[in-house]
Amino acid sequence: MTAGNESCTAGLTSMSYLTCLTYILEEWTGVEDIGDYLSYAFYILWLLFPLVVVFVLPGVLIILFYVSILWLHIYKRKNEIKEAYSHDAWIGATEVLATLWDGHGRLWHGYELHGVENIPEGPGLVVFYHGATPIDYIYFSARLHIMKKRRCRVVADHFVFRLPGFRILIDVLGILHGPKEACVRTLQNGHLLAIAPGGVREALFSDEMYTILWSDRKGFAQVAIDAKVPIIPMFTQNVREGFRTLGGIKIFRSLYERIRLPVVPLYGGFPVKLRTFVGKPIPYEPNMTAEELAAKTKAAVQALIEKHQKIPGNIFRALMERFQTQKKED
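Keep in mind that what you see is a predicted model, and the values were worked out from it rather than measured. (Residues numbered from 1 in each chain as written. Predicted model: local features only at pLDDT ≥ 70, side-chain atom pairs only at ≥ 80, totals over all residues. Heavy atoms only, no water.)

Q: Give a description of helix H6 (residues 135-148) that names residues and reports values.
A: Between its terminal C-alpha atoms H6 stretches 20 Å, which fits the 20 Å expected from 14 residues at 1.5 Å a residue. Counting buried positions along H6 gives 11 out of 14 residues, so the element sits mostly inside the fold. For H6, every residue scored as buried is listed here: Ile135, Asp136, Tyr137, Ile138, Tyr139, Phe140, Ser141, Ala142, Arg143, Leu144 and His145. Backbone geometry just downstream of H6 places Lys149 in the positive-phi region, at approximately 55°. (Helix = DSSP H or I, 4+ residues; strand = E, 2+ residues; numbered from the N terminus. Expected span 1.5 Å × (residues − 1). Buried < 20%, exposed > 50% of the residue type's maximum accessible area, 1.4 Å probe, protein only.)

Right, here's the structure in full:
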């Protein structure tokens, strides 16, 4: 061992740098054959690297959310906004956020939006299938803002309102928790409003089969009836391949049913191809009941899934679609 170390200090060219480093570590630690331990450690690291990556990549979304929040605080301070939040005061900030998120969608997922002509000029209720994350809705909202200069409000689960630092983002973007009256009022004021009836349950426990988990929910349909607005169905292709959950493990399902918080581990962040398809609007009909409208909306979303999504979903196939130049028909 000492002879090897002397050979390193003598500058012999026949000995590699890695071998010299191994000799030095053996001298310093007093552990013989440390090279074997290092080889084993590097092998384990290489073996676990993909596993680490798929759980770390979702953290990029969290970083982007807090970058957005930081930007809003900077904008507020720079413009000295002292009055209550207003659409006009925050127009510049929302345009920057739309550009940021749309850029991320273009670069990481080659994001496309199809059927935007199906969105009416006036108010409407956008109803969509909820993936493991709402990333597809964020891209849709950003692209819509850039293309049509329109903002789309959204209904979110109560836990979003408890996330640290999110208050300014919630206020500026007009995120709602409800109740029904607030949703109706938003639509009556001429805005677009989006909702995923499956909510957190669908996000966590649906899978690559793209099963719609709406149960017997019909509150969204009653909102559309009360506001007398059309429902616009929407679905994003490969949304389940970008991010997935461990919702198939029973202990996580039991834990969610007990505490009603999204405690199911998330993994993914894969740069799969994402295409959002906006379907034909379902017009307001005064004689249609909430149950009938909910069933009709569910059938419309299911039709979009069957038309645009290969089932079961496949991550590798979704990745390969990034290299397809031909767009799918709307």
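Still to come is the rest of the account.
Q: Go over the environment of Pro312, please, and point to the residues and values.
A: Along the polypeptide, Pro312 turns up in the loop between helix H13 (290-308) and helix H14 (315-320). On a C-alpha basis, the gap between Pro312 and Glu208 in space is 5.3 Å, while along the polypeptide they are 104 residues apart. In contact with Pro312, not counting residues within four places along its chain, are Glu208, Met209 and Arg317. (Contact = heavy atoms within 4.5 Å.)

Q: Which residues make up the pairing of strand E3 (residues 152-155), and what are the values?
A: Both E3 and strand E5 (residues 192-195) contribute to a ladder of three bridges, which runs parallel. Bridging across to E5, Arg153 finds its partner in Leu193. With two bridges connecting them, E3 and strand E4 (residues 175-176) associate as parallel partners. When the sheet's bridge partners are listed, Val154 is paired in E4 with Ile175. (Pairing = 2+ DSSP bridges.)

Q: Describe the nonpolar core, naming the residues involved and giving the relevant values.
A: Counting 46 residues, the largest nonpolar core has Leu72, Trp90, Trp101 and Phe140 as its most contacted members. Where this core is concerned, the elements lending two or more residues are helix H4 (58-79), helix H5 (91-109), strand E2 (124-128), H6, E3, helix H7 (167-173), E5 and strand E6 (231-237). Ranked by residues supplied to this core, first place goes to H6 with seven residues. Ignoring anything within four residues of it in the chain, the contact list for Leu72 reads Trp90, Ala93, Leu97, Ile168, Leu169 and Val172. One finds Leu193, Val223, Val229 and Phe235 within the second-largest nonpolar core, a separate group that totals 31 residues. (Core = buried A, V, L, I, M, F, W, Y, C linked by side-chain atoms within 4.5 Å.)

Q: Explain the sheet that holds E5 residue by residue, including any values.
A: Strand order across the open sheet formed by seven strands is E1-E9-E6-E2-E5-E3-E4, with mixed pairing between neighbours. Looking at strand neighbours, the two that pair on one side only are strand E1 (112-114) and E4, the edges of this open sheet. Pairing of E6 with strand E9 (residues 275-278), which is carried by four bridges, proceeds in the antiparallel orientation. Of the residues in E9, the one forming a bridge with Phe235 is Phe277.

That is the geometry; function is a separate question.
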